[in-house]
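Close look at the chain arrangement
Chain residues, written in single-letter form:
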Amino acid sequence: TRFIVNAACHALGAPLISGAVGRWDGQVSVFMPEGPCYRCFVPEIPPDAETCAQVGIVGALPGVIGSLMALEAVKEITQAGESLAGRLMIYDGLKGAARTVKLPRDPDCPVCGDA
């Protein structure tokens, strides 16, 4: 589903605000049509990907990540602040800390690549 939504956003020229949660951790990013896109970040479905049913999720975590995603949407609409476009925010609920890493664009990406 994420790959399909990413491709649709890219085709429409719309940003994709993405979030994910698992156990005590979460992540948020904004993927813009010019890339890097979600497919640059996750080229294919990992064969050993853990599911929420397997690892569980701390109940408050989806609210934290959802709020961060909503904040990114407001920032995109109002063109305020610094977007997470091209970056990934990783939230550690156990430490109460977050860090942000830059996401590279894949020139061979089947969605936003140069080909």
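Quantities reported herein were computed from a predicted structural model and do not represent experimental measurements. Each chain carries its own residue numbering, running from 1 in the written order of its sequence. Given that the model is predicted, a residue must reach a pLDDT of at least 70 before its local features are reported, and side-chain atom pairs must reach 80 or more before they are shown or counted; all residues, however, enter totals for whole chains, interfaces and linings. The basis for every side-chain value is the complete set of heavy atoms in the structure, and neither hydrogens nor water enter the calculation.

A few words on the overall build of the chain. Secondary structure elements follow DSSP: runs of H or I of four or more residues count as helices, runs of E of two or more count as strands, with numbering from the N terminus. Along its length, the chain carries four helices and four strands. Taken from the N to the C terminus, the helices and strands of the chain come in the order α-β-β-α-α-α-β-β. Radius of gyration: C-alpha atoms only; globule rule: 2.2 Å multiplied by the number of residues to the exponent 0.38. Its C-alpha atoms give the chain a radius of gyration of 14 Å, near enough to 13 Å, the size a compact globule of 115 residues would have. Taken over the C-alpha atoms alone, the chain extends approximately 40 × 40 × 20 Å along its principal axes. When the 115 residues of the chain are sorted by exposure, 29% land in the buried category. Put simply, of all contacts in the chain between residues at least 6 apart along the chain, 60% involve residues at least 24 apart. Note that His is not counted, nor are the chain ends; the positive residues are Lys and Arg, and the negative ones are Asp and Glu. Taken as the charge centre is NZ of Lys, CZ of Arg, CG of Asp or CD of Glu, depending on the residue. When the 9 basic and 12 acidic side-chain charges of the chain are each reduced to a single mean position, those positions are 4 Å apart. Exposure is judged per residue with a 1.4 Å probe applied to protein chains only, and the accessible area is read against the type maximum: over 50% gives exposed, under 20% gives buried, and values in between give partly exposed. The criterion used for residue contact is that any of the two residues' heavy atoms lie within 4.5 Å.

If you trace the four strands from one edge of the open sheet to the other, you get S1-S2-S3-S4, paired in antiparallel fashion. Of all the strands in the sheet, the pair left with one neighbour each is strand S1 (16-22) and strand S4 (97-102). Each strand axis lies, on average, 15° off the axis of its neighbour in the sheet, ignoring direction. Where strand S3 (residues 87-92) lies against S4, six bridges are found, and the strand directions are antiparallel. Considered in S4, the bridge of Met89 is made with Thr100. The axes used here are C-alpha line fits, helices contributing only the stretch in contact, and every angle between their N-to-C directions lies in the interval 0 to 180 degrees. This element, helix H4 (residues 61-78), spans S1, strand S2 (25-31) and S3 of the sheet and lies at about 170° to S1. Two strands pair under a simple rule: DSSP has to find at least two bridges between them.

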